[in-house]
Amino acid sequence: MADILTPALGESVTEATIAKWTKKVGEAVKKDEILVELETDKVSLEVVAPADGVLAAINAGEGDTVVPGTVLGQVSEGGAAAASAPVAEAPAAAAAPAAAAGGASVDVAVPTMGESVAEGSVGNWLKKSGDTVAKDELLVEIETDKVAVEVSAPEAGVLTINVEAGAAVTPGQVIATISASGAAAPAAPKAAAPAPAAAPAAAGAHLSPSVQRVVSENNLNPASIAASGPKGNITKADAIAAIGAAAVAPAAAAAPSAPRELAPREERVKMTRLRQTIARRLKESQNTAAQLTTFNEVDMTNVMALRAQYKEQFEKAHGVKLGFMSFFTKAVVAALKEIPAINAEIDGTDIIYKNHYDIGIAVGTDKGLVVPVLRNAEDLSLAGIEKGIANLGKAARDGTLKMEDMQGGTFTITNGGTYGSLMSTPILNAPQSGILGMHNIVQRPMAVNGEVKIRPMMYLALSYDHRIVDGKEAVTFLVRIKQLLEDPQRALLDL
C-alpha cells in the first residue's frame, strides 16, 4: 500500500484545497499519473500516483482543506480489486514476489538533480549496510549547491552501501544496491496507516536531514512530534508544526536540566554545498569592492493605502497578489536610470554601464539565500513584476532554479523586513555595484507639517561600491526612491 501525500506547498503557504480527483476508488492507476489537483492562494499543484496499482481509498474529498504531509488516499500496489478488505493485505502480497525473486539485486542510483547541476555530496545514510529496508523508505539525501534531493529504496530488501557519506557523486551513479533475498516488507503496521490522526513518532525513528535540521535548530523532541508521513516518518511539515506547538506550551513543560546534560556541548557539521558557495561569494565581495552603506527612511502611508484600495481588483484582474516588491522594483528602475553608475560594474580598468535593468531578488530558502534575476524589469508592469517574482520565488523554494536564472543581474533588492529586521547593511552581490535593503515597516511618531502623527515607516539601506559610486550619487539614489514611494503615482506616470 502506498500513501498519496500532500506535498510541500511553498514558503508561507500552510494549506491547500482539493480541487479535483481525476480517478475514483477502484480504478487502476499508473505511477506518476495525475490523481489530485490542489489549489492554494498562490499556485495550483498536481499530486501524482506513487506507484502502479489500484486507487484503494480517498481520505479527503473535493473542497476539503489539507496541509503538507496529509495522507490524501492510498494506492494498493499491483492490486486489482477495490474492496477495503483486500486493500489492507495488498502490501504483503506485493512484497512477496520481491523476496522470492531468487536473490536479484536492484541498484540505488543518484537521481537527476536539476539542469546545470552536475555533482552533489552524499549526506548521512539513515540505514547501514546489512539493514533491511522497505520499498520507498528514505535512505539518504544528496546535497547540491542549490537543493537537497531525497533518495528512497526502489524495492524492499537488504541494503549494501557503495558510497560513503560526504563523497561527491554524479547523476546516475550507483551509490548502493538492494538484494531481494531475505527482504521483509512490514505489512502489519501498514494496515493501521489510514487512521486519520497522526501518531507520535517512535523514539528510534529515522529523520531525514532536512527534518533533523529543523529538530536540532529548535530543540525539538522527535518522540513528541506527531508523524503524518509514510511508514510513520516525521515530515518537515510535522516538525515545523511542532515548533508552534512548543512555543505555546506551558513553561512547566520545559525539559528538566538532567537530559540537557546528556547533549554534547559542541557539534561539528559539514557545511552544505550551497552554504559553502554563499560563504565564498560573500567573502569575495567584501575583499574586492570598497563597500559603503548609506541610509534613509520612507513613509509607506501612500503605498499601503494604494495597495489596500486596489489589491482585490488587482488580484482578480491579473491572478496575482499586489505586494510591495513591485512598487520598490519600479522605483529602483527609475532611480537607476537617473544614477547609471549604480547599475554599472567594474571590469579591470573599465566601467561597464548597463542599459538594461535585470533586478536580482534575494529569496530565503531552508537551504540558504539565493538571488534569482527578474529580467528586463524596465519593460514590466506592476502585475508583470509580481508574477515574475512569484515564479522565481517558487522555483527557488522548490530547488528548480537554473544557473542562468541567477546570473547577469545588474542590481539586487533584499527584503529583511519579512523576517522582522529593523535595519541592516546588505553585502554587494558581486560584480554588481549596488544593493538595496528593505526592512520592517514600523509605526512611529513623525513630524508632519508641524504636527506629530503616527506613520508606517521603513528604513532603507543602500550598500554600494565606492570605487565607482560617489556618496552624492548614493544619497541621491535613495532620496529618489523615497520620493517615488511616498508619491507612488510619480513612478506609475514616469515622473
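Residues numbered from 1 in each chain as written. Predicted model: local features only at pLDDT ≥ 70, side-chain atom pairs only at ≥ 80, totals over all residues. Heavy atoms only, no water.

Q: A description of the nonpolar core should follow, citing residues and the corresponding values.
A: Generally speaking, a soluble globular protein has its nonpolar side chains buried in company with each other. Ranked by internal contacts, the top residues of the largest apolar core, which has 45 residues, are V332, I359, F411, F477 and I481. For this core, the element with the highest residue contribution is helix α8 (residues 325-338), accounting for eight residues. For I481, the contacting residues outside a window of four places in its chain are A331, V332, A335, L436 and L460. (Core = buried A, V, L, I, M, F, W, Y, C linked by side-chain atoms within 4.5 Å. Buried < 20%, exposed > 50% of the residue type's maximum accessible area, 1.4 Å probe, protein only. Helix = DSSP H or I, 4+ residues; strand = E, 2+ residues; numbered from the N terminus. Contact = heavy atoms within 4.5 Å.)

Q: For the pattern of salt bridges, give the residues involved together with the corresponding values.
A: If you walk through the whole model with that rule in mind, you get 13 salt bridges. For K127, the salt bridge is made with E137, and the minimal N-O distance between the two is 3.4 Å. One end of the pair, K127, is in the loop between β10 (120-122) and β11 (132-133); the other, E137, is in the loop between β11 and β12 (138-143), with ten residues separating them in the sequence. A salt bridge links D131 to K128; its shortest N-O distance comes to 4.0 Å. Relative accessible area serves as the criterion here: at 22%, D131 is assigned to the partly exposed category. (Salt bridge = Lys/Arg side-chain N within 4 Å of Asp/Glu carboxyl O.)

Q: Could you give me a rundown of the packing of aromatic side chains, with the residues and numbers involved?
A: Enumeration according to the criterion identifies one aromatic pair in this entry. Consider the rings of F411 and F477, whose centres lie 5.6 Å apart with planes at 50°: the pair is tilted. Pair noted here: F411 is in strand β26 (residues 411-415) and F477 is in helix α10 (residues 471-486), with a separation of 66 residues, a long-range link. Per residue, the accessibility class of F411 equals that of F477, and both read buried. Above the plane of the ring of F324 lies R307, whose end atom (NZ or CZ) is 4.9 Å from the centre. For the cation-ring pair, R444 lies above Y459, with the distance from its terminal atom to the ring centre recorded as 4.5 Å. (Phe/Tyr/Trp six-rings, centres within 6.5 Å; stacked < 30°, edge-to-face > 60°. Lys NZ or Arg CZ within 6 Å of the ring centre and 35° of its normal.)

Q: Requested: an account of the environment of K31, with residues and values cited.
A: Its place among the elements puts K31 in the loop between β3 (28-29) and β4 (34-39). When its relative accessible area of 52% is taken as the criterion, K31 is described as exposed. Once residues within four sequence positions are removed from consideration, K31 is found in contact with A49, P50, A51 and D52.

Q: Outline the sheet that holds strand β9 (residues 105-109), listing residues and values.
A: Within the open sheet, the four strands sit side by side as β9-β16-β14-β11. Their pairing is antiparallel. A strand with exactly one partner marks an edge of an open sheet, and here the two such strands are β9 and β11. (Pairing = 2+ DSSP bridges.)

Q: Describe the sheet that holds β3, and please don't skip the residues or the numbers.
A: Overall, antiparallel pairing links the four strands, which are arranged β1-β8-β6-β3 in an open sheet. Taken across any chain shown, the strands that pair with only one partner, and hence form the sheet edges, are β1 (2-5) and β3. Two strands pair when backbone bridges link them, and β1 and strand β8 (residues 71-77) are joined in this way by four bridges, in the antiparallel orientation. Bridge assignment links A2 to a residue of β8, and that residue is V75.

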